[in-house]
Amino acid sequence: MENFRNLLLGAGLAVAALTSCAGGGQSAVGTVSGLNPANFDTTLNGKKTELITIKNSNGMEVCLTNYGGRVVSICVPDKDGKPTDVVLGYDNIKQYADTLNSPSDYGSSVGRYANRIKDSKIVVDGKTYQLRANDNENCLHGGGNTGWLNKVYDVQEKTDSSVTFAITAPDGENGFPGTVKATATYVVKSNNTLDITFGATTDKETVVNMTNHSYFNLNGDPSKEGVDQVMYINADKFTPADAKYIPTGEIKEVTGTPMDFRKAHAIGETIVDTTYDQIRNATGYDHNWCLNTFKDGKGDDTQVAASLYSPKTGILLEVFTNEPGIQVYTGNFQGTGIACKHGIKYPKHVSVCFESQKYPDSPTKIVAKTKGWEISNPYLKPGEKYYSHLVYKFSVK
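Residues numbered from 1 in each chain as written. Predicted model: local features only at pLDDT ≥ 70, side-chain atom pairs only at ≥ 80, totals over all residues. Heavy atoms only, no water.

## Some details on the overall build of the chain
Piece 1. Along the backbone of the chain there are three helices and 31 strands.
Piece 2. In terms of overall size, the chain behaves like a compact globule, its C-alpha atoms giving a radius of gyration of 19 Å where 397 residues would be expected to give roughly 21 Å.
Piece 3. Seen through its C-alpha atoms, the chain measures out along the principal axes to roughly 60 × 50 × 40 Å.
Piece 4. For the chain, the residues scored as buried account for 57% of the 397 residues in total.
Piece 5. Considering only intrachain contacts with a sequence separation of at least 6, the fraction spanning at least 24 residues in the chain is 67%.
Piece 6. A total of about 14700 Å² of accessible surface is found on the chain, and carbon and sulfur atoms cover 49% of it.
Piece 7. Separation between the mean location of the 40 positive side-chain charges and that of the 43 negative ones in the chain comes to 2 Å. (Helix = DSSP H or I, 4+ residues; strand = E, 2+ residues; numbered from the N terminus. Rg over C-alpha atoms; globule rule 2.2 N^0.38 Å. Buried < 20%, exposed > 50% of the residue type's maximum accessible area, 1.4 Å probe, protein only. Contact = heavy atoms within 4.5 Å. Areas by Shrake-Rupley, 256 points an atom, 1.4 Å probe, with all protein chains shown as cover. Lys, Arg positive; Asp, Glu negative; His and termini not counted. Charge placed at Lys NZ, Arg CZ, Asp CG, Glu CD.)

## Some points on the packing of aromatic side chains
Piece 1. A full pass over the atoms with the stated rule returns 14 aromatic pairs.
Piece 2. Taking 6.5 Å as the distance between ring centres and 80° as the angle between the ring planes, the aromatic pair formed by Phe261 and Trp289 counts as edge-to-face. Pair noted here: Phe261 is in the loop between strand E21 (252–253) and strand E22 (265–266) and Trp289 is in strand E23 (residues 286–291), with a separation of 28 residues, a long-range link. For the pair shown, Phe261 and Trp289 are each scored as buried.
Piece 3. Taken together, Phe40, Tyr90, Tyr96, Tyr106, Tyr215, Tyr329 and Tyr346 form an aromatic cluster joined through their ring pairs.
Piece 4. Above the face of the Trp373 ring, Lys365 is positioned so that its terminal group lies 5.6 Å from the ring centre.
Piece 5. We note Lys397 situated over the ring of Tyr309; from NZ or CZ to the ring centre the distance is 4.6 Å. (Phe/Tyr/Trp six-rings, centres within 6.5 Å; stacked < 30°, edge-to-face > 60°. Lys NZ or Arg CZ within 6 Å of the ring centre and 35° of its normal.)

## Focus: the state of the cysteines
Piece 1. Per the stated rule, a full pass over the model turns up zero disulfides.
Piece 2. Cys353 provides the cysteine sulfur closest to Cys340, a residue in no disulfide bond, and the two sulfurs are 13 Å apart.
Piece 3. Residue classification places Cys340 among the buried residues on the basis of a relative accessible area of 2%. (Disulfide = S-S within 2.5 Å.)

## As for the confidence of the model for the chain
Piece 1. When pLDDT is averaged across the chain, the result is 93; 93% of the residues are at 70 or more.
Piece 2. In this model, residues 1–19 is a region of pLDDT below 50 whose contacts with residues beyond four sequence positions or in other chains number 76 contacts.
Piece 3. Per-residue pLDDT stays below 50 along residues 22–28; that stretch engages in twelve contacts with residues further than four places along the chain or on separate chains. (pLDDT = per-residue confidence, 0-100.)

## So, empty space enclosed by the protein
Piece 1. Going through the model one piece at a time under the given rule, you end up with three cavities of 30 Å³ or more.
Piece 2. Taken as a whole, the second largest cavity holds about 40 Å³ of empty space.
Piece 3. As for the second largest cavity, its lining consists of Thr239, Ala241, Tyr245, Pro247, Asp286, His287, Asn288, Gln327 and Pro360. (1 Å grid on protein atoms, 1.4 Å probe; cavity = no way out; pocket = protein on both sides within 12 Å on 5 of 7 lines; lining within 4 Å. Points joined across faces, edges and corners; volume = space filled by probe spheres on them.)

## Notes on the environment of Ile233
Piece 1. Counting through the fold element by element, Ile233 comes out in strand E19 (residues 230–233).
Piece 2. Using a relative accessible area of 0% as the deciding quantity, one classes Ile233 as buried.
Piece 3. It is 35 Å that separates the C-alpha atoms of Ile233 and Phe40, two residues lying 193 residues apart in sequence.

## A word on the pattern of salt bridges
Piece 1. Within this structure, the stated rule accounts for 15 salt bridges.
Piece 2. Residue Asp41 pairs with Lys48 through a salt bridge whose shortest N-O separation is 3.4 Å.
Piece 3. Judged by relative accessible area, Lys48 falls into the partly exposed class, the value being 48%.
Piece 4. If you follow the salt bridges from partner to partner, you end up with Asp236, Asp260 and Arg262 in one network. (Salt bridge = Lys/Arg side-chain N within 4 Å of Asp/Glu carboxyl O.)

## Brief notes about the sheet that holds strand E6 (residues 83–85)
Piece 1. Spatial strand order, E3-E4-E5-E6: four strands in an open sheet with antiparallel pairing. What marks the edges here is a single partner per strand, and that holds for strand E3 (51–55) and E6. Taking the axes of each pair of neighbouring strands and ignoring which way they run, one obtains an average angle of 20° across the sheet.
Piece 2. Relative to strand E4 (residues 61–65), E3 runs antiparallel, the two being bridged by five bridges. Bridge pairing in E4 links Leu51 to Thr65. (Pairing = 2+ DSSP bridges. Axes fitted to C-alpha atoms, helices over the stretch in contact; angles between N-to-C directions.)

## Here's the deal with the sheet that holds strand E29 (residues 352–357)
Piece 1. Spatially, six strands are ordered E18-E29-E28-E23-E20-E21 in an open sheet, and the strand pairing comes out antiparallel. Because the sheet does not close on itself, it has two edges, and the strands there are strand E18 (215–216) and E21.
Piece 2. Across five bridges, E23 lies against strand E28 (residues 325–329) in antiparallel orientation. Bridge assignment links Asp286 to a residue of E28, and that residue is Tyr329.

## Considerations on the nonpolar core
Piece 1. Counting residues in each nonpolar core, the largest one holds 59 residues, and the members touching the most others are Ile74, Tyr186, Phe216, Trp289, Phe354 and Phe394.
Piece 2. No other element matches the five residues that strand E14 (residues 180–189) contributes to this core.
Piece 3. In terms of nonpolar packing, the next biggest core, distinct from the first, is built from 19 residues, Phe40, Tyr67, Tyr96 and Tyr346 among them. (Core = buried A, V, L, I, M, F, W, Y, C linked by side-chain atoms within 4.5 Å.)

## Examining the side chain of Ser376
Piece 1. Position of Ser376 relative to the elements: it lies in the loop between helix H3 (362–367) and strand E30 (379–380).
Piece 2. Taking the relative accessible area as the measure of exposure, Ser376 reaches 0% and is therefore buried.
Piece 3. Look past the residues within four positions of Ser376 in its chain and what remains in contact with it is Pro324, Lys358, Tyr359, Ser362 and Ile366.

## Here's the deal with the pairing of strand E31 (residues 386–396)
Piece 1. Pairing geometry for strand E15 (residues 193–202) and E31, over eight bridges, is antiparallel. Paired with Gly199 across the strands is Tyr387, a residue of E31.
Piece 2. Bridging between strand E27 (residues 315–321) and E31 involves seven bridges; their strand directions are antiparallel. Each bridged residue has a counterpart across the sheet, and for Leu316 the counterpart in E31 is Ser395.

This is the structure:
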């Protein structure tokens, strides 16, 4: 979803590489996706960054960096067995870390609070806290370029098929109360699933809402728009937003609107409906859906919350989560001219993000006792354990 539109001031660096995963021939480096680990090996703010590869024996490879706890590439077989990189990003740490010229949330483990908080203010235990504003007057993704997505996580544990990133956020970081210790664990399973678990504890009451921010293009060619991808969202309702992407507080039925993806269809069939204010304001989809998989205060992460399918490659992505909401963003602020992974310049509407989450601006709405938002409680107290589960499962059909 998130665009960092106020920060996109210049073009980034292009680091081109032909890769077997991208369809350019045999890679000269060690990953199927053609990434060179040396391009991620540096020190930022006194902490070492690296590229970590996890995989299974069924053709799935995931490359991550501890800078922002990010997914850099996901390679899975297409319908012909060809390895295909299905996420956007950069192929070097320099661009990820250049928050002025190539700002991004590509693949990041977002925290302390994913999505937006109105007026950058929260009330915790009766006290008002002023947060860092980085999206107009609002706080986005925990403060943007000083949030977790631009911190170097510790690599707590890793195996051939898993890695756990850990971060300690001090009390007062970007205005948030409480010292929070958080983890993001990524596991590649034998059925070509990337299983993600977020956990956190705090020493003072605070708000926590973590997610993964991968941008998916299943077509195998991210130089072209991805609106031909077929999307499904298991939700009867969504939360309309104002022109600054803050939910109005209304929870609205999708019936009869371009927000209805209960029957899977190509994104391009409805994203063109600019007569609908929600699409016009966002120049596409950038909204939270209230998942049908969340009932009676609990999310069923065995049921499909959303899916994306490419008729070109036959790759199907199914999303599972225990969270009440999912933010779907269709790359509305791509098309910046920045050369990204393997030198490709991504066009507008090239990708789709599926961000499992508490509803955007939940702290504000809960304090205001907005009807329907009580199920989306982001508050975490000492002695409690935050747990969020997100699954990206790949197959072909």
